[in-house]
Amino acid sequence: MDIVLSGIRSTGHLHLGNYFGALRNFVKIQDSYRCFFFIADLHSLTTHPHPDDFHANVRIILSEYLASGLDPEKAVIFVQSDVPEISELYVLLNMLSYKGELERTTSFKDKVRLAKAKARNKPLNEISYDDHDDEGININAGLLTYPVLMASDILAHRSNFVPVGKDQEQHLEYARVLARRFNNTYGCDIFPEPRALDFGSGLIRVPGLDGSGKMGKSQGNGIYLCDDDRTITKKVMKALTDSGPVGPDSPMPECIANLFTLLELVSAPDTVDYFRGKWRDCSIRYGDLKKQLAEDICNTVRPIREKIDSVYNDDAYLHRVTGEGREKARASASETLALVRKAVGFKSF
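For the structure given in this document, a descriptive report is provided here. For every chain, the first residue of its written sequence is number 1, and the numbers climb from 1 along that sequence. Side-chain atom pairs in this predicted model are given and counted only at pLDDT of 80 or more, local residue features only at pLDDT of at least 70, and totals for whole chains, interfaces and linings cover all residues. Note: side-chain values were computed over all heavy atoms of the structure, leaving out hydrogens and water.

Okay, the state of the cysteines next. To count as a disulfide, a pair of cysteine sulfur atoms needs to be within 2.5 Å. Applying the stated criterion across every chain, the model contains 0 disulfides. Not engaged in a disulfide, the cysteine Cys226 finds its nearest cysteine sulfur in Cys298; these two sulfurs lie 13 Å apart. For the exposure calls, accessible area comes from a 1.4 Å probe over protein chains only, and a residue counts as buried if that area is under 20% of its type's maximum, exposed if over 50%, partly exposed in between. The partly exposed category is assigned to Cys226, whose relative accessible area is 29%.

Even without being a glycine, His48 presents a positive backbone phi close to 55°. A run of DSSP states H or I qualifies as a helix once it reaches four residues; a run of E qualifies as a strand once it reaches two. Both are numbered from the N-terminal end. Relative to the helices and strands, His48 is located in the loop between α2 (41–44) and α3 (51–67). Phi angles above zero are rare outside glycine, and Arg158 is one such case at about 50°. Within the secondary structure, Arg158 is located in the loop between α8 (146–155) and β4 (161–162). By relative accessible area, Arg158 is classed as partly exposed at 22%.

Right, let's get into the packing of aromatic side chains. A pair of Phe, Tyr and Trp rings is counted when the ring centres sit within 6.5 Å of each other, with Trp represented by its six-membered ring. The angle between the planes then sorts it: under 30 degrees is stacked, over 60 is edge-to-face, the rest tilted. Scanning the entire structure with this criterion turns up 8 aromatic pairs. Each ring, one from Tyr274 and one from Phe275, has its centre 5.0 Å from the other, and the planes form 80°; the classification is edge-to-face. Under the relative-accessibility criterion, Tyr274 is labelled partly exposed at 47%. Assessed through its relative accessible area of 6%, Phe275 is described here as buried. Pairwise contacts between aromatic rings join Phe26, Phe37 and Tyr65 into one cluster.

The next thing to look at is the pairing of strand β3 (residues 76–79). Residues Val76 and Phe78 line one face of β3 and the alternating positions Ile77 and Val79 line the opposite face, and both faces are buried. Two strands qualify as a pair provided that DSSP identifies no fewer than 2 bridges between them. Two strands pair when backbone bridges link them, and strand β2 (residues 34–40) and β3 are joined in this way by 4 bridges, in the parallel orientation. Looking at the pairing, Phe37 lines up with Ile77 of β3.

The subject of this paragraph is the pairing of β2. Strand residues, when the strand is regular, have side chains that alternate between the two faces of the sheet. The buried fraction of β2 is high, at 6 of 7 residues. In the sheet, strand β1 (residues 3–9) pairs with β2 via 7 bridges, with the strands oriented parallel. Bridge pairing in β2 places Gly7 opposite Phe38. Handedness of a crossover is defined as follows: with both strands directed away from the viewer, a clockwise route from the first strand across the helix to the second makes it right-handed. Each parallel crossover has a hand, and the one from β1 via helix α1 (residues 16–29) to β2 is right-handed.

Following this line, the structure appears as structure tokens:
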């Protein structure tokens, strides 16, 4: 059976981007593949979370995983740091990774710009990656080698598929590069080259409510699975719009196209068609569009939110899920590491 792996960083509550870009797909495939789904707590260390928050964030993601429909009887659900074999593979793959290619990754450049913007209290669009005044800014080696750790997550289980969003396609390609490079360097065939799993409908990039870019925790433009109806409605009603179409069949500006993208994810097709028609004939009222969008997002989020609290407060259940997941994930990764160590030349005296 083909192996599928994916994970989400433990840096706060999950949002609609996580759900439609990844989590909904996790639920769909857990009956059809051998699935490994993890909480990427090692990845979250790049932002230096306070120790008091570290475990709490893992618990949040785990609870929201389970409340969203992931089933530990069908998939291996584990915490990344519970599997030390991943960290060992990370070290070995770093030896095959080159500084220049890592510096060219889009995600690294974006994270550098975001770190500079926060440190200087400036808008992101005023920050250049090529500005090398980095004094006092958190641009650590973990940010640079983030794609290598992601590759280690994937290759530790010799995964065949990864259900990634559009913003992660470059990272997946780098995992393929490292799989190929390791196999060629050591004359072995240990690692398959993982491919994207897009479910026949393409990779989804869920936009934020601020008019551009993707929905993200660091951007503060998201709707979270734990948000109540009032909070969701308030956020949607504040979403950026423009003055309206300037003529029949006018091209949509990005901020309006983003609202329609969200509408297509949560609303019935006839609802989407109705508002597209209103756009085409210039009769659209953004207030009506936002009210409908808010209502449909609430209907999507509500059943998940109602499950989160009960799961979050069930210590025995969470302990059992992570314990069983740790054993299964370590068994898989240990098998891979035994082959890797032999290929590299490690031997015990």
